[in-house]
Amino acid sequence: MNRALQLSALTGLTVMALLPAYSQVSRSINFQALTQDILNNPAPQDWLMWRGGYSNWGYSPLDQINRENVDQLSLAWSWAFAPAAPGSNGMQVEPTVYDGIMYIRHSNENYSAHDAATGDQIWQYSRPLAGAITQGDTRLTVHRGRGVFLYEDKLISHATDGMLFALNPATGRLLWESAMVDYRSGQQPSGAPVAFGGVVVVPYNCTAWTAADPCHLSAYSTDDGALLWRWFTSPTPDDPMHRTWGDDPQIYPLQQRRNMSPWMTPAVDTERGVFIFGIGSSAPQQPELAGTNGEWPDRLYQGSTVALDHRTGKLVWWAQHHSDMWNDDAVYDRILVDSPLDPDPPQSLGVNPNIDPTQTRELVIGSFAKDAIFYVYDRTDGSFVYARPTAYQNIIAGYDGTTGAYTIEPQAIMTADVNHEATICRENRQIPQGAYSPLTNAYYVPAFNGPCSVMKLNSIEPSIDTGYNTSYIATVPSPAGHLGQPEAIDVTTGKTLWRLERETPLYGMLTTGGGLLFAGDTNRRFHAIDQWTGETLWQTILNGATDMAPITFAVDGRQYVAVLAPSGTQAAAQHAGQLGLRVATGVGNVGHTLFVFSLPMALE
């Protein structure tokens, strides 16, 4: 069924005017289909998916650009994109590069292929949207998407109107499309898709005040977009964890639970065939109003990491990090590494007592939530290993080392009392990506010390309109005294390799085989940093704040580093205002530019 007929059946509207368009191809692409083995083991010159590979490292082994010559880095080419459409925060994408061709999603529902060595555009594809979406009638975040996925002979992506589709990567022509959801439901696809074993999963955003249906992670066939399975992020009545929402009859049964969005791209454990990802906060947030006491495990699966079988969508394991009462979304970096463990972390929040330091463990690591706490779990079963803070937070007191059960700081508990106020410090990271390097066995976290929020309850009778049912009535400075606090953490020990105290935060991060960490900041500076010391070895100035992670790739033996500016998230705009910086950010619906750097020919 073509798109016009599909949407007519879905919405009852006549939409023939919304047929997608593509531009004429300016040169041919000899596209070689990607096998699962190629995707499992990407060639160093390619950047095949979000964070470069299924393990979400944000690392490339390319080492032509290194600590000795990075000071010679210069602009190779750039490409300017049209401004984001109204209602969009801007570009939050990572480009994909395969066999010398770059594929990129724009912030206005366009897609294009470029010669990765020159930036020359080869084709462009455009998807018009219904006026109800573009005019803001649906309250959706327009053009939210963080990348595309190349699978076999298809480029797979999703649109704001709830359509999943595939393009021919050589020509930009539409191959198939399938309706995932009716956009009028308020649910929308959000993170970059990821495909494995013929299954593509699409991270969803289900905001309480727009989406009346329970949220989910859904999987589709890479052949034609047909629905394969749907896993609800809140336990169904036949799930043993259903009881974490209270005894029956529950105050909030499944159909009345809101949010719990899995809105960032999962990692994939290719050995076990599981998708590993995080789930955001619930609405309402207060345990008492939901009939629970907030103690672990509480109102699953909010505030958790989960692992699902890629074939069936069945739950393999879960680990809950907090009972979220503060919009402390636990959806960020799940990075898969193998490492020995001998933890002795500073300001430890908990360590498993049963660790054999001679054994290499299969782990999932990262700063999962806005509080920027660094976590290590065993990815074979989700068991707790250790946790430690990075930036200043005052919500989590600690974890039971054996069970992983959390303890919340008493003053942070949001009780069912409209007169109760709590000062919450947890705005320490957002969407911009962290990274891992096998050279140092370190995780690099783009942490910052955002202002603390004074929070109170809106009502003891929450509704969809009140969403989280909390308000920020004031802000106070963080006790940390500095905003930027990027940190490198040794995975084996949990100790700090280095930490910087900066006026401006560093944002999305890339590590390389040349011993470099690339990241941009609020004040338009783009840095190359020594992975071992944190010393800045090179920097340049871009056209605005830059916050999404750079990528690196190679064409004909020449390495390139690419970064987008201005920023694509609200965090950079908030920090610019906080610091009094007059810099362009993507929140203002400005145009974005992709800057691509390389070494002079003589140094390659």
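For the structure, see preceding data.
Here we summarise the structure given alongside this text. None of the values given here were measured: they were computed from a predicted structure. Sequence order as written defines residue numbering, which begins from 1 separately in each chain. Local features are withheld for residues below a pLDDT of 70 in this predicted model, meaning they are given only at 70 or higher, and side-chain atom pairs are given and counted only at 80 or more; totals for whole chains, interfaces and linings count all residues. As a rule here, side-chain values cover all heavy atoms of the structure and leave hydrogens and water aside.

Points about the packing of aromatic side chains
Okay, step 1: Aromatic rings from Phe, Tyr and Trp, with only the six-membered ring used for Trp, were paired whenever their centres fell within 6.5 Å, and each pair was classed as stacked if the ring planes differed by under 30 degrees, edge-to-face if by over 60, and tilted otherwise. The final tally for this structure, using the stated rule, is 27 aromatic pairs.
Okay, step 2: Summarising the aromatic geometry, the rings of Y103 and W123 are spaced 6.3 Å apart at their centres and angled 45 degrees between planes, so their arrangement reads as tilted. Here Y103, found in strand β5 (residues 101–105), pairs with W123, found in strand β7 (residues 121–126); they are 20 residues apart in sequence, far enough to count as distant. In this pair, the class of Y103 matches that of W123, namely buried.
Okay, step 3: The interplanar angle of 50 degrees and the centroid separation of 6.3 Å between the aromatic rings of Y111 and Y125 together place this pair among those described as tilted. Placement of the pair is Y111 in strand β6 (residues 110–115) and Y125 in strand β7, with a sequence separation of 14 residues.
Okay, step 4: Burial classification: accessible surface area is computed with a 1.4 Å probe over protein chains only, and a residue below 20% of its type maximum counts as buried, one above 50% as exposed, and the rest as partly exposed. Judged by relative accessible area, Y111 falls into the buried class, the value being 1%. Comment: elements are numbered from the N terminus, with helices defined as DSSP H or I runs of at least four residues and strands as E runs of at least two.

Let's talk about the sheet that holds strand β20 (residues 274–278)
Okay, step 1: Two strands qualify as a pair provided DSSP detects at least 2 bridges between them. A sheet is described by the order of its strands in space; here four strands give the open sequence β19-β20-β22-β23, paired in antiparallel fashion. In this open sheet, the two edge strands, each paired with only one partner strand, are β19 (267–269) and β23 (315–320). Strand-to-strand twist of the sheet, defined as the mean angle between neighbouring strand axes without regard to direction, takes the value 20 degrees.
Okay, step 2: Pairing of β19 with β20 involves three bridges; the strand directions are antiparallel. Residue pairing across strands places D269 opposite V274, the latter belonging to β20. Geometry is summarised by axes, namely lines fitted to C-alpha atoms with helices restricted to the contacting stretch, and by angles between N-to-C directions that run from 0 to 180 degrees.

With respect to the side chain of S190
Okay, step 1: Examined against the element boundaries, S190 turns out to sit in the loop between β12 (188–189) and β13 (194–196).
Okay, step 2: A polar contact of 2.8 Å, which involves the side chain of S190, links it to the side chain of R146.
Okay, step 3: Residues are treated as being in contact if the distance between any of their heavy atoms lies within 4.5 Å. Apart from the residues within four sequence positions on either side, S190 is in contact with R144, G145, R146, H158, P203, Y204, N205 and W263. Any N or O atom pair separated by 3.5 Å or less is treated as a polar contact, with the protein-specific requirement of one donor-capable and one acceptor-capable atom, and with residues adjacent in sequence counted only for side-chain atom pairs.

Observations concerning the state of the cysteines
Okay, step 1: For the purposes of this analysis, a disulfide is any pair of cysteine sulfur atoms at a distance within 2.5 Å. Going through the model one piece at a time under the given rule, you end up with two disulfides.
Okay, step 2: Paired by a disulfide, C206 and C215 hold their sulfur atoms 2.1 Å apart. Across the S-S bond of C206 and C215 the torsion is about 70 degrees, and the bridge reads as right-handed. Assigned by exposure class, C206 and C215 land together as buried.
Okay, step 3: A sulfur-sulfur separation of 2.0 Å characterises the disulfide bridge that pairs C425 with C452. Given an S-S torsion of about 105 degrees, the disulfide between C425 and C452 has right-handed geometry. Taken together, the residues C425 in the loop between β31 (421–424) and β32 (435–437) and C452 in strand β34 (residues 452–457) connect sequence positions 27 residues apart.
Okay, step 4: In the chain, the bonded cysteines, numbered by position in the sequence, are linked as 1-2, 3-4.

Focus on helix α5 (residues 570–579)
Okay, step 1: Taken as a whole, α5 has its buried residues at A571, A572, H575 and A576. Considered in projection along α5, the buried side chains sweep an arc of 135 degrees and stay on one side of the axis.
Okay, step 2: Its buried side turned inward, α5 meets β38 (506–512).
Okay, step 3: In the segment just after α5, G580 is the residue with positive phi, at about 70 degrees. Arc definition: directions from the helix axis to the C-beta atoms.

Side note on the environment of G53
Okay, step 1: For G53, the position within the fold is in the loop between α2 (36–40) and β2 (59–60).
Okay, step 2: Residue G53 is classed as buried on the basis of its relative accessible area of 14%.
Okay, step 3: Sequence separation of G53 and A113 is 60 residues, and the distance between their C-alpha atoms is 20 Å.

Quick word on the pairing of β6
Okay, step 1: Taken across its six residues, β6 has six buried, putting it largely inside the fold.
Okay, step 2: Covered by surrounding structure in β6 are N110, S112 and H114 together with Y111, A113 and D115, the residues of both alternating faces.
Okay, step 3: Here β5 runs beside β6; their pairing, made up of five bridges, is antiparallel. The partner of Y103 across the bridge, within β6, is A113.
Okay, step 4: Sheet analysis places β6 next to β7, joined by five bridges and oriented antiparallel. Residue Y111 lies in a different strand from β7, and its bridge partner there is Y125.

So, to be careful, I would describe these as geometric facts and stop short of saying anything about function.
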